[in-house]
Amino acid sequence: MEVFAVPDIPEIEPGDDLATLIDERVDLREGDVLTVASTVVSKAEGRGADLSDFEAGEHARDIADQIGEIAGERKDPRFAQAVIEESEELVMAAPFILAVTRFGHITVNAGIDRSNVPGADLLLLPEDPSASARRLSDALGVPVVVTDTSGRPFRQGQRGVAIGWAGLPAMRDWRGEHDREGRELTATVEAVVDELAAATNLVTGEGDDGRPVAVVRDWEFGDHDGHDHLFRDRDGDLVRQALADFEYH
Ligand code: GDP
Ligand code: MN
Ligand code: MN
Ligand code: MN
């Protein structure tokens, strides 16, 4: 397979028609998968915001205090308020805010970004990234994955993950297939949309590269079962349950 960035995407402004901007810059083929950084989806959807848009309530001030006590530097309570308003639930408040977004993705600060955001303090994640991916996919005729750079537990460093997708299943389900010894696979479900996001993140970069859109060409999902159950349910998530009882010492 081949991975390449779509060239010459301009600075994205609220209201921009991303699908047309992409369509004018790349000849997509059947079988391609397009990945789009959530940053430009958010910009096009007008998800820039200013700290002054948020009025910190008691919970937000309390979180800012807790983080301040641990980290020595108080977080702006209005930022904590923004995270609260973008979240369905907070898994953890300090030393960092680990939030469940309304669309099910669990990430630090609800994915609110402060890099590559000219003209605003903050950039909120798209409200419903799979709906955004669906609109792009319908317009462009190929599967689309909306990505974000995200940290991982247990490991240093970040990598691209899928936060929305359309036109392909999120997961490639190997259960019921066999290994080379004929042993049946009973647990392996591959999060292919995350793997595609990580692969294209290698060419989109994180800084001033200006390459938010990438194409994966000549990759095949193959003859496997698939489904969309990427985000764990709370009930099956032992780590989330453990963190709910977490207190920083
Ligand atoms: P995130 O991973 O979705 O948070 O996005 P990043 O901030 O890491 O940006 C991903 C890529 O998109 C980088 O190459 C940025 O330079 C680029 N980028 C961000 N915003 C824009 C934009 O408005 N226009 C263009 N052309 N590139 C952008
Ligand atoms: Mn981001
Ligand atoms: Mn990134
Ligand atoms: Mn293995």
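Structure: see above.
Residues numbered from 1 in each chain as written. Chains lettered and ligands numbered in written order. Predicted model: local features only at pLDDT ≥ 70, side-chain atom pairs only at ≥ 80, totals over all residues. Heavy atoms only, no water.

Visitor: For this particular structure, what's the right way to read unusual backbone geometry?
Guide: Most peptide bonds are trans, and most residues other than glycine sit at a negative phi. Note the cis peptide between A94 and P95, where omega equals 10°. Structurally, P95 can be placed in the loop between β4 (87-92) and β5 (98-101). Positive phi is not limited to glycine here, since N116 has a value of about 60°. Mapping N116 onto the fold places it in the loop between β6 (106-108) and β7 (122-123). Relative accessible area serves as the criterion here: at 38%, N116 is assigned to the partly exposed category. The backbone phi angle of F154 is positive, close to 75°, even though this residue is not glycine. Relative to the helices and strands, F154 is located in the loop between β8 (144-152) and β9 (155-166). (Helix = DSSP H or I, 4+ residues; strand = E, 2+ residues; numbered from the N terminus. Buried < 20%, exposed > 50% of the residue type's maximum accessible area, 1.4 Å probe, protein only.)

Visitor: What is the right way to read helix α5 (residues 129-140) from this model?
Guide: Residues that lie three or four places apart on an α-helix share one face, since the helix turns once every 3.6 residues. Taking 1.5 Å of rise per residue, the 12 residues of α5 would be expected to cover 16 Å, and the 16 Å separating its terminal C-alpha atoms lies within 8% of that figure. P129, S132, A133, L136, S137 and L140 are the residues of α5 that are buried. Within α5, the buried residues cover an arc of 130° as seen down the axis, which keeps them to one side. Residues of α5 that are exposed and point over 90 degrees away from its buried face: R135, D138 and A139. Elements that come into contact with the buried residues of α5 comprise α1 (18-23), β2 (33-37), α2 (38-44), β8 and β9. (Expected span 1.5 Å × (residues − 1). Arc of directions from axis to C-beta. Contact = heavy atoms within 4.5 Å.)

Visitor: Honestly, the site of ligand 1 in this entry has me stumped. Any pointers?
Guide: If you check the shell around ligand 1, you find 24 residues, and the closest are I9, T39, T204, G207 and G210. One of the side-chain N or O atoms of T39 is found 2.7 Å from an oxygen atom in ligand 1. At 3.1 Å, a backbone N or O of R211 approaches an oxygen atom of ligand 1. Here ligand 1 has 580 Å² of accessible area as a free molecule, and 96% of this is covered by the chains. If you list the elements that add at least two residues to the shell around ligand 1, you get α2 and β8. If one sorts the elements of the shell around ligand 1 by residue count, α2 sits on top with four residues. Looking at side-chain class alone, the shell around ligand 1 contains six nonpolar, 10 polar and eight charged residues. (Near = heavy atom within 4 Å. Polar contact = N/O pair within 3.5 Å; in protein donor to acceptor, adjacent residues only side chain to side chain. Areas by Shrake-Rupley, 256 points an atom, 1.4 Å probe, with all protein chains shown as cover. Nonpolar A, V, L, I, M, F, W, Y, C, P; charged D, E, K, R; others polar.)

Visitor: Whenever I open this one, the coordination of the manganese ion (ligand 3) confuses me. Can you help?
Guide: Only T149 (OG1) and E206 (OE) from the protein coordinate the manganese ion (ligand 3), and they sit 2.0 to 2.1 Å from it. In this model, the manganese ion (ligand 3) sits 5.3 Å from the manganese ion (ligand 2). With T149 in strand β8 and E206 in the loop between α6 (192-204) and β12 (213-217), this residue pair connects regions lying 57 residues apart in the sequence. Accessibility expressed as a relative area gives 27% for T149, which makes it partly exposed. (Donors = N, O, S within 2.8 Å, 3.2 Å for Na, K, Ca; no water.)

Visitor: What is the right way to read the packing of helix α3 (residues 58-71) against helix α4 (residues 77-85) from this model?
Guide: The geometry of a pair of packed helices is captured by two quantities: the angle between their axes and the separation between those axes. Relative orientation of the contacting elements α3 and α4 amounts to 120°, with a least axis distance of 8 Å. With respect to each other, α3 and α4 are oriented oblique. In this structure, α3 crosses over α4, and the sense of that crossing is right-handed. Contacts between α3 and α4 pair H59, A60, R61, I63 and A64 from the former with P77, A80, Q81 and I84 from the latter. For the contact of α3 with α4, a count of residues per class yields six nonpolar, two polar and one charged. (Axes fitted to C-alpha atoms, helices over the stretch in contact; angles between N-to-C directions. Parallel < 35°, antiparallel > 145°, perpendicular 65-115°, else oblique. Left-handed = near helix turned anticlockwise from the far one by under 90°.)

Visitor: Before we go on, may I ask you to explain the sheet that holds β9 in this structure?
Guide: In any sheet, the strands associate via hydrogen bonds between backbone groups, in a parallel or an antiparallel arrangement. If you trace the five strands from one edge of the open sheet to the other, you get β1-β12-β2-β8-β9, paired in mixed fashion. The sheet is open, and its two borders are formed by β1 (2-5) and β9, each paired with just one other strand. Averaged over all neighbouring strand pairs, the angle between strand axes comes to 30°, with direction disregarded. Bridging between β8 and β9 involves nine bridges; their strand directions are antiparallel. (Pairing = 2+ DSSP bridges.)

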